[in-house]
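# Summary of the model geometry
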2 protein chains.
Amino acid sequence: MKKSSFILVISLLAIAVMTYMLLSISTKKQEQVVLNANPVVKAEGIESKNEEWRDAYPRQYDSWKKTAQSDKIEDLVKKYPQLAILWAGYGFSKDYNAPRGHFYALQDNINTLRTGAPTGPDDGPMPTACWTCKSTDVPRVIAEEGENEYFTGKWARLGNQIVNPIGCADCHNTQTGELQLSRPYLTRALESAGWVMKDVSYQDMRSLACAQCHSEYYFKKTPYTDKEGNKQVANVVTFPWEKGFTAEAMEEYYNSYGFSDWTHALSRTPLIKAQHPGYEIFRTGIHFKRGLSCADCHMPYKQEGSVKFSDHNLQSPLNDVANSCLTCHRQSEAEFKAIVEEKLERKNQLNVIAMTNLGKAHLEAKKAWDEGATEAEMAPVLALLRSSQWFWDYSIASHGSFFHAPEETLRLLAVANDKAQQARNLLVGILAQHGVLNYEAPDFSTKEKAQELANVNLPKLVEEKLRFKRELLPQWDEEAVKAGRLNKEWKEGMSDTASYPQ
Amino acid sequence: MKKSSFILVISLLAIAVMTYMLLSISTKKQEQVVLNANPVVKAEGIESKNEEWRDAYPRQYDSWKKTAQSDKIEDLVKKYPQLAILWAGYGFSKDYNAPRGHFYALQDNINTLRTGAPTGPDDGPMPTACWTCKSTDVPRVIAEEGENEYFTGKWARLGNQIVNPIGCADCHNTQTGELQLSRPYLTRALESAGWVMKDVSYQDMRSLACAQCHSEYYFKKTPYTDKEGNKQVANVVTFPWEKGFTAEAMEEYYNSYGFSDWTHALSRTPLIKAQHPGYEIFRTGIHFKRGLSCADCHMPYKQEGSVKFSDHNLQSPLNDVANSCLTCHRQSEAEFKAIVEEKLERKNQLNVIAMTNLGKAHLEAKKAWDEGATEAEMAPVLALLRSSQWFWDYSIASHGSFFHAPEETLRLLAVANDKAQQARNLLVGILAQHGVLNYEAPDFSTKEKAQELANVNLPKLVEEKLRFKRELLPQWDEEAVKAGRLNKEWKEGMSDTASYPQ
């Protein structure tokens, strides 16, 4: 064969192969179009039952269901007894666990000792707002009742309404399947921070869907008149973003009108409880600054045959380094994990230092009050404790801040500790003025000792909770099933665990 | 033309173009080989005069010479008056500037008030070791005299020997041009840390060449017998790496035999002066962990015609973001700089907090001594101050730690401040025991106030230094020129600036 004929044959062969490949890609694209057609789950309204989305979105549903595998209860008050002191007088001193999968969001809210043991719809320590980030039923009830109405009354009032855990309808439109914000307060907060909602990009939405819940909030007392013409006050979940997204800006926001979540039971400090400001802290980190969204790492794309879909098994990317981190970072999994591990160790070191000093400061302040310290003497101490606790809580309350923004987290912990130490410094002087030298705060090195100092009667709280779970909870579920709001089967096989024995 | 002929013509054309390109690359490679042949600068010994390397290495020399453009004096004691307090009783409280280019390494060492104003070879506050990182004459003198001999006597003894600034022979072999370690103490230190020198890679060398000077060190008292049979004690530069490369490991090393650089003039604390542990901190940062060397960012490759060479204008990569950072980071220069700026702000915030508390602690400790505090009372305070100051100094003494390892730097500053605060806390109690309540440390918010508290007589020091520069320094230069160790011209045009008027 001549050289020219040889080249011709090779060229024609190459063209044939490429044509075949092109056709194959085109077939797969057609397949993909059909699969990505965003089928309608229900013609009208919000479908809160996650399992009803399965037929239309089997891959997304099945991967969401895997969040049930994240089922370990880690009792953080046991791990860090300081927490019981830091939150003395507030629900978190009773019970605080590391987060589990979305599948358990509702169960954990019902099980936690913080939500108490109501005996009827108007009983219990918590307002309805405490359901807000736990269930797909929340946007449904808001749509049905109105937002202020939803945010009115006791937590127990909605026990038979809020029955499905965080899932599809929290982020997706039931008719179109598209990403949407189901919580109106996020839209309001973004607008208060100067955003123009029509300019929000799809990539923004891949973080904002998460920011609906993974953000700092407080319950804003909001007076309104209900449909019957009665004056009511709603406890509306509100994001304090008016002055900016940083810890400093939000502290200024809260201070500008003297807001406090509670008064500390030992030091009498009016405190702000930071509530998982995950989105805000993420914004200060390098991944956000380089244009990534929450979903890029927590919902990496997966391939099933010719279908690409985002994994709805929301979890730490460290559980799936190969599909998330390593798509950008060219590194071995072991090397990668070692680097992340170091970030966690640094945070843990500064966190323990800050918690310990802050805990001692609260107890030393109590001693000062006991010895007759005056309001005037204590004012600068309380101002420091308020600020210290805000910075500390802000830096650790969100999931994974040590990774989302390691530098910002270390900075906040350092500032928090400095303020706690400033307070302790003043307290030594105040105690000396009242004749007390060399005071040592009592030991709070175990959960038992710390909860005793914080006046937490754990056995009583557990007993009441178990009574609630035997008596009222089954009624809620029964009513919800009867009303068609709950498919009883979905709970089957779910292990009902908490920080206390069932 | 038939289709088959057309394909044939195109194919042949492509082959012709590729052949031409291949030949062109090959020509340029030959050119490169000639240019990269590492010519010999001098047949024997070490050539300390940088300008003698110019003929053989014109691009490297010319870019090194550009370090002269980094000529700004920034008086850091003026910027942070806390420094005068923190280093009270030690040379750095007199004079401490931000670093300038390598070109000025020697001039700045001669000009700083820390090296004093000797009147002859056996006079002055400093040992010969203080020349060690300032000049290419150091490896030459070590080769000629012996290492222990070099490290013996006063700084002024070698004034007419050490006359060329940091340059070629510090990192390169005069005969082969190859990278080499010219300081034997680095080799010893690496071996003490378990390194096997024959396994050191070229990429390692691209950091180790810098680590010869940009590392933590102390002067180890080393007895020896000189050539005349006299007992001598050398002050040998030694890297404390035996227990590891972290701040904690080195602290343990120093504590293991009660080492201190000096005793603080106010608090009487036996302190360790951290000395630019740049290499060690770099090792804890992400760029090192991803396999980068110092030279990758500080000496980016440049192209001149067909010649690729590494830029010897050693400076902050922020001055040349396009050639250094952006070769890996796909980002706009402005975005990139904004992110780095934030890292610096975080470090500055924690640095000021730590310096201020540490400064107050030293002054409060002085007050406690003045009020009759006992050694036993003060022991825990001094232990905390020693450790605090070590962590603080370690975190900021090296150039650019805020960038090389932002998380480690913030962690160290946080720990440093916590220890300073612990000390202050104890001091309030001790002062109260001695009847002093509400003590406020004196104001050290300006360089003048702080240096007065630190007993620094600046006008006297400047006057003496200027006398030294008028009288002894010209003699040194003259002798060096006469002996052929210094080409007088190289200093011409150099602006002779310092933190005080000339």
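An account of the accompanying structure is given in this report. What you see is a predicted model, and the numbers here were worked out from it, not measured in a lab. (Residues numbered from 1 in each chain as written. Chains lettered and ligands numbered in written order. Predicted model: local features only at pLDDT ≥ 70, side-chain atom pairs only at ≥ 80, totals over all residues. Heavy atoms only, no water.)

## A look at the pattern of salt bridges
The tally for this structure, following the rule as stated, stands at 60 salt bridges over all chains. One salt bridge in this structure joins A:Asp108 and A:Arg100, with 2.7 Å as the shortest N-O distance. We classify A:Asp108 as partly exposed; its relative accessible area is 22%. Taking the relative accessible area as the measure of exposure, A:Arg100 reaches 10% and is therefore buried. The salt bridge involving A:Arg157 is made with A:Glu145; its shortest N-O contact spans 3.2 Å. With A:Arg157 in the loop between helix H7 (147-150) and helix H8 (168-171) and A:Glu145 in helix H6 (residues 137-145), the pair connects residues that are 12 residues apart, well separated along the chain. Three or more residues are tied together by salt bridges with common partners; here these are A:Glu248, A:Glu407, A:Glu408, A:Arg411, B:Lys343 and B:Arg346. (Salt bridge = Lys/Arg side-chain N within 4 Å of Asp/Glu carboxyl O. Buried < 20%, exposed > 50% of the residue type's maximum accessible area, 1.4 Å probe, protein only. Helix = DSSP H or I, 4+ residues; strand = E, 2+ residues; numbered from the N terminus.)

## Points about the side chain of B:Thr132
All names here are of chain B. Within the fold, threonine 132 resides in the loop between helix H5 (105-111) and helix H6 (137-145). One polar contact links threonine 132 to tyrosine 150, side chain to side chain, over a distance of 3.0 Å. Ignoring sequence-local partners within four residues, the contact set of threonine 132 consists of Val138, Tyr150, Phe151, Arg183, Tyr185 and Val237. (Polar contact = N/O pair within 3.5 Å; in protein donor to acceptor, adjacent residues only side chain to side chain. Contact = heavy atoms within 4.5 Å.)

## Focus: the interface of chain B and chain A
Listed by partner, the interface residues are 38 residues for chain B and 38 residues for chain A. Our enumeration of links across chain B and chain A arrives at eight salt bridges. When the shortest N-O distance is used, the salt bridge between A:Arg346 and B:Glu408 registers 2.9 Å. Between chain B and chain A we count 18 residue pairs in polar contact (both at pLDDT 80 or more) in total. At the level of elements, helix H1 (3-35), helix H13 (286-289), helix H15 (333-370) and helix H18 (406-433) of chain B are the ones that each hand at least two residues to the side of chain B that touches chain A. When residues of the side of chain B that touches chain A are assigned to their parent elements, the largest contribution, 17 residues, is made by H18(B).

## Brief notes about the nonpolar core
In this structure, A:Trp131, A:Trp392, B:Trp131 and B:Trp392 are the most contacted members of the largest nonpolar core, which totals 217 residues. Apart from residues lying up to four places away in sequence, A:Trp392 is in contact with A:Leu83, A:Leu86, A:Trp87, A:Asn351, A:Ala354, A:Met355, A:Leu358, A:Leu413 and A:Ala416. (Core = buried A, V, L, I, M, F, W, Y, C linked by side-chain atoms within 4.5 Å.)

## Section: the packing of aromatic side chains
All told, the structure shown has 68 aromatic pairs over all chains when counted by the stated rule. Summarising the aromatic geometry, the rings of B:Trp53 and B:Tyr57 are spaced 6.1 Å apart at their centres and angled 35 degrees between planes, so their arrangement reads as tilted. You can call B:Trp53 buried: its relative accessible area is 3%. Centre to centre, the rings of B:Phe103 and B:Tyr104 are 5.2 Å apart; their planes meet at 85 degrees, and the pair counts as edge-to-face. B:Tyr104 shares its class with B:Phe103; the two are buried. In this structure, A:Lys308 is placed above the aromatic ring of A:Tyr301, and the distance from its NZ or CZ to the ring centre is 4.5 Å. (Phe/Tyr/Trp six-rings, centres within 6.5 Å; stacked < 30°, edge-to-face > 60°. Lys NZ or Arg CZ within 6 Å of the ring centre and 35° of its normal.)

## Description of the pairing of strand E6 (residues 307-310) of chain B
All names here are of chain B. The pairing of strand E5 (residues 301-304) with E6 spans four bridges and is classified as antiparallel. Paired with lysine 302 across the strands is phenylalanine 309, a residue of E6. Counting the residues that bridge the hairpin from E5 to E6 gives two residues, and of these glycine 305 lies at a positive phi of roughly 60 degrees. (Pairing = 2+ DSSP bridges.)

## Thoughts on the side chain of B:Thr128
Residue and element names in this part refer to chain B. Among the secondary structure elements, threonine 128 is positioned in the loop between H5 and H6. Using a relative accessible area of 0% as the deciding quantity, one classes threonine 128 as buried. Polar contacts involving the side chain of threonine 128 include one to the main-chain amide nitrogen of threonine 152, which spans 3.5 Å. Excluding anything up to four places from it in sequence, threonine 128 contacts Tyr150, Phe151, Thr152, Gly153, Lys154, Trp155, Arg157 and Leu158.

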